[in-house]
Each structure stands twice: as structure tokens, then as C-alpha cells.
Amino acid sequence: MPSAHRALTLGLELLLALVVISLLAGQVLGQPVLLSYVETGSMEPTMRPGDGFVAVPLAVAGPIEEGDVVTFRAEEIQGGGLTTHRIVDETERGYVTRGDANPFTDQDGDEPPVKEAQIVAKALQVGGTVVVIPNLGTAVVAIQDVISGVQRWIAATLGTRSLLGPQGLTYLLLTASVLAYVLDLALGDDRSDRRERSRSRDHGVSTRLVMIGLALLVVSTATAAMVAPAGTQQFGVVSAEFDSEDPTVIRQGGSSTIAYGVPNTGLVPVHAYFESSDGVTVDPKYVHVGSRSEATVDLTLTAPPETGYYRYFVTEHRYLAVLPKPVINALYHVHPWLPIVVIDALLGGTMYLIGMALVGTGRVRSRSRDAPSTLRRLMNRLG
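To start, this report covers the structure provided alongside it. (Residues numbered from 1 in each chain as written. Predicted model: local features only at pLDDT ≥ 70, side-chain atom pairs only at ≥ 80, totals over all residues. Heavy atoms only, no water.)

## Comments concerning the overall build of the protein chain
So, step 1. When helices and strands are counted, the protein chain shows 9 helices and 19 strands.
So, step 2. Relative to all contacts within the protein chain whose residues are 6 or more apart in sequence, the contacts with residues 24 or more apart total 63%.
So, step 3. Of the roughly 21,500 Å² that the protein chain leaves accessible, carbon and sulfur atoms contribute 59%. (Helix = DSSP H or I, 4+ residues; strand = E, 2+ residues; numbered from the N terminus. Contact = heavy atoms within 4.5 Å. Areas by Shrake-Rupley, 256 points an atom, 1.4 Å probe, with all protein chains shown as cover.)

## A word on the packing of aromatic side chains
Within a pair of aromatic rings, the relevant descriptors are the distance that separates the centres and the angle that separates the planes.
So, step 1. For the coordinates displayed, the defined rule picks out 6 aromatic pairs.
So, step 2. An aromatic cluster is built from Tyr273, Tyr286, Tyr319 and Tyr332, whose rings are joined through pairwise contacts. (Phe/Tyr/Trp six-rings, centres within 6.5 Å; stacked < 30°, edge-to-face > 60°.)

## Comments concerning the pairing of strand E17 (residues 293-302)
So, step 1. Strand direction decides the pairing type here: strand E13 (residues 255-264) and E17, joined by 10 bridges, are antiparallel. Bridging across to E17, alanine 259 finds its partner in aspartate 298.
So, step 2. With 4 bridges joining them, strand E15 (residues 280-283) and E17 adopt antiparallel strand pairing. Residue pairing for E17: aspartate 283 is matched across the bridge by aspartate 298. (Pairing = 2+ DSSP bridges.)

## Considerations on the sheet that holds strand E14 (residues 270-276)
So, step 1. If you trace the 5 strands from one edge of the open sheet to the other, you get E12-E11-E18-E14-E16, paired in mixed fashion. Strands at the two margins of the open sheet, each flanked by one partner only, are strand E12 (249-251) and strand E16 (286-289). This sheet shows a mean twist of 30° between the axes of neighbouring strands, independent of strand direction.
So, step 2. Of the strands in this sheet, E14, E16 and strand E18 (308-320) are in contact with helix H7 (residues 325-334), which crosses E14 at around 30°. (Axes fitted to C-alpha atoms, helices over the stretch in contact; angles between N-to-C directions.)

## Observations regarding H7
So, step 1. Residues Ile328, Leu331 and Tyr332 constitute the buried set of H7. Taken down its axis, H7 places every buried residue within 100° of arc, on the same side. Turned more than 90 degrees away from the buried face of H7 sit Pro326, His333 and Val334, all of them exposed. (Buried < 20%, exposed > 50% of the residue type's maximum accessible area, 1.4 Å probe, protein only. Arc of directions from axis to C-beta.)

## Details of the pairing of strand E11 (residues 231-240)
So, step 1. As paired strands, E11 and E18 are joined by 9 bridges and run antiparallel to one another. Within E18, the residue paired with glycine 231 across the bridge is glutamate 316.
So, step 2. Bridge count for E11 against E12 is 3 bridges, and the pairing is parallel. Its bridge partner being in E12, alanine 240 is matched across the sheet by arginine 251.

## Topic: the side chain of serine 42
So, step 1. Mapping serine 42 onto the fold places it in the loop between strand E1 (34-37) and strand E2 (52-57).
So, step 2. If sequence neighbours within four positions are ignored, serine 42 has contacts with His85, Gly99, Asp100, Ala101 and Asn102.

## Details of the pattern of salt bridges
So, step 1. Enumeration over the complete set of coordinates arrives at 5 salt bridges.
So, step 2. One salt bridge connects lysine 122 with aspartate 68, and the closest N-O pair in it is separated by 3.5 Å. Taken as a pair, lysine 122 in strand E6 (residues 119-123) and aspartate 68 in the loop between helix H2 (58-61) and strand E3 (69-74) lie far apart in primary sequence, 54 residues in all.
So, step 3. On the accessibility criterion, aspartate 68 (11% relative accessible area) is buried.
So, step 4. Across the salt bridge formed by arginine 86 and aspartate 100, the nearest N and O atoms sit 2.8 Å from each other. Of the two residues, arginine 86 is situated in strand E4 (residues 81-91) and aspartate 100 in the loop between strand E5 (94-98) and E6; the sequence distance between them amounts to 14 residues. (Salt bridge = Lys/Arg side-chain N within 4 Å of Asp/Glu carboxyl O.)

Written out as C-alpha cells, the structure reads:
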């Protein structure tokens, strides 16, 4: 029974960590990662404000069909940004969407038909019904408010803005974890403490769980470094009856070429691959960008014979160069998300194994009331 209880506890802790990291990663990347939530009542009664749902990435969600609830990058709805609505029809120009509570479609307003390149996730449905997590968003917003307040106080106290936002939260969590372990290791090496730990090794927080948490932080940071700077870029092209100096206003049937920068502000070089919609040609479709440098690719935009306004899309996939190019290339051609999964597994697994080799197994013991606190031991040693 004790082993079953520990397994259940560990499973619940890992589930909680996965939920928190998924929501934080979604904030960093600007798109849902595994879990998301709605903020307005446009999807009532299916989902009320603050309700969450399982967001399946489009890359693994399968084909989009009428009746699916999708999250897409809107152009006009509430000033643009991520919107979660239902697909109600499909036309040659794109998908028609509508909130379940709305009497009219988004396209009856100012929103253009939704292209597949704009869709980032599809809500999980079982038997045609969306799997809803009640009040997930409400809880997340409340927690975010508390965390943001703590971050602002620490940032103001230390006089730095680098501790604000999701990246700053990662720095704080990593720093707190390392300091807590170093203090426990430095101040808890008395022989009496060792004997006490040997008698109470079954109590406290598992070091495996601590290392898993650190590995997940490394994975979330690496994923952000690969996904956040990449993504889909939209280009609005006007097919006109006249020539123009504007490269996006092109004489009908003609074309123009513009330079597209691929910056890398990180220390780790990256592999970048490009895909494009009809009407756009990317040359080259692959570039290697070194540490803190920038590469350039050429985008050739071609205007249709018919005059009008057209939307083109270019999608960049970016991967940390921790694997050789042939390996990344092979994984990419299987599926664009596969290199990210393999790189995350490599970095997270390496972090976990190194941590376990340095720390070892066992548990970080919780102090009893009779045991001297870390602060008391520190005062005694200083005295």
C-alpha cells in the first residue's frame, strides 16, 4: 500500500506540474500548449468564460472539419489575436467561423475567412462534445495575478526588468530551486543529520521529482526558444492594374521579391526551415543561423491575374542545433514537430540524468520541529 500511495502521489504531482508548465508555455509561445481556456462568453453554452479545454496542436489533430472548435489567429476580432470559435462552413477562400453564442458568423463582420495557416489548435471532442475543464482559466488568471505581483516586487527590489514575464519566472524558479538545494547540501552534512536522513529517507520530497521539475523547466525554455521566434507570418498582397514601389502592391500576374530576415539572438545556433502558401516562393528553404547572428531568405510574391487583395503565409520552423543537420532534416521531413520532441527529450533527459548522478536517489527530508532549521544552523555556524 505505501508504494501504491507514493505512486499515486507522484502521479498527481507530475500531472499538476504538466498543467502548470503547459499553461506557462502557452503564455510564452503565444499559442495554446496542451491546455487553454476561453475568456469571453462567445462560446456559451459550450464553454463559459474561464472554462478550459484540451488544445490539440493542429500538426497532430488531423483534418479540420465542419463542427470542430478551433483556436486561430484572428485579424479583426477584438483587435486581433487568438480566438476560439467553431467551424461552421468551408469556402474556397477559407473557413467560416462562429461563436456558439453569436447569431452571426465572424465573416459577416470584418473577419476574413480563416486560412488553415492561421489555426494553431483544435479543441478535443469526444462524441462530438468538447471536453471542458470548468473554471480552469479562472484559477489560472488568479494564480497569474499573484505570481505577477510577486515578480514585480522582486524586480522592483533588485532594480531589474529581466525578472518580469514568463522568462523572468523561469529564472526565479531555477534560482530558488538551486539555492534551496545548495543550502540544504551545505548546511545539512553533519553526521547526525546523515544518520537522521538514513532513518527518514522515506519521508520528504523525492529528488527524482525535483530533477523532473528542473528537466521540465529546461524543456519549456528550449521549446520557447524554438517556437516563439518562429511561426507563421502573413503577407497582404494587392494585385493591381498598375505598377507600384510598394513590393506588396504588384501588377496583376507579376511578382516582386523581398528580403526576409531570420535573426537568432540566442547563444545556440539554429536550423530554420520554411514552408509557404500558394503565391509565395522561399529561396532558400533552409538556413543555418549562427550564435547571435542573422540570415536572410528571399520571398517572391506573385500576384494572381485577377485584381484584389490576397493573403499569403510563410511558416518558419526553428530548431536548436544540438543535433547534426542530417538528423534534423530527416526528422523534419517526417513531421515538423518531431525535431522539437526529440530535442526536448534529449535536453530534458540529459538534465535529469546529470542531476541524478550528482544528487543521487532518495528524498529531500522535511525537517521536524525538533530538528534545527536551516536558518538556525546557518546562524550557529556564523557565530
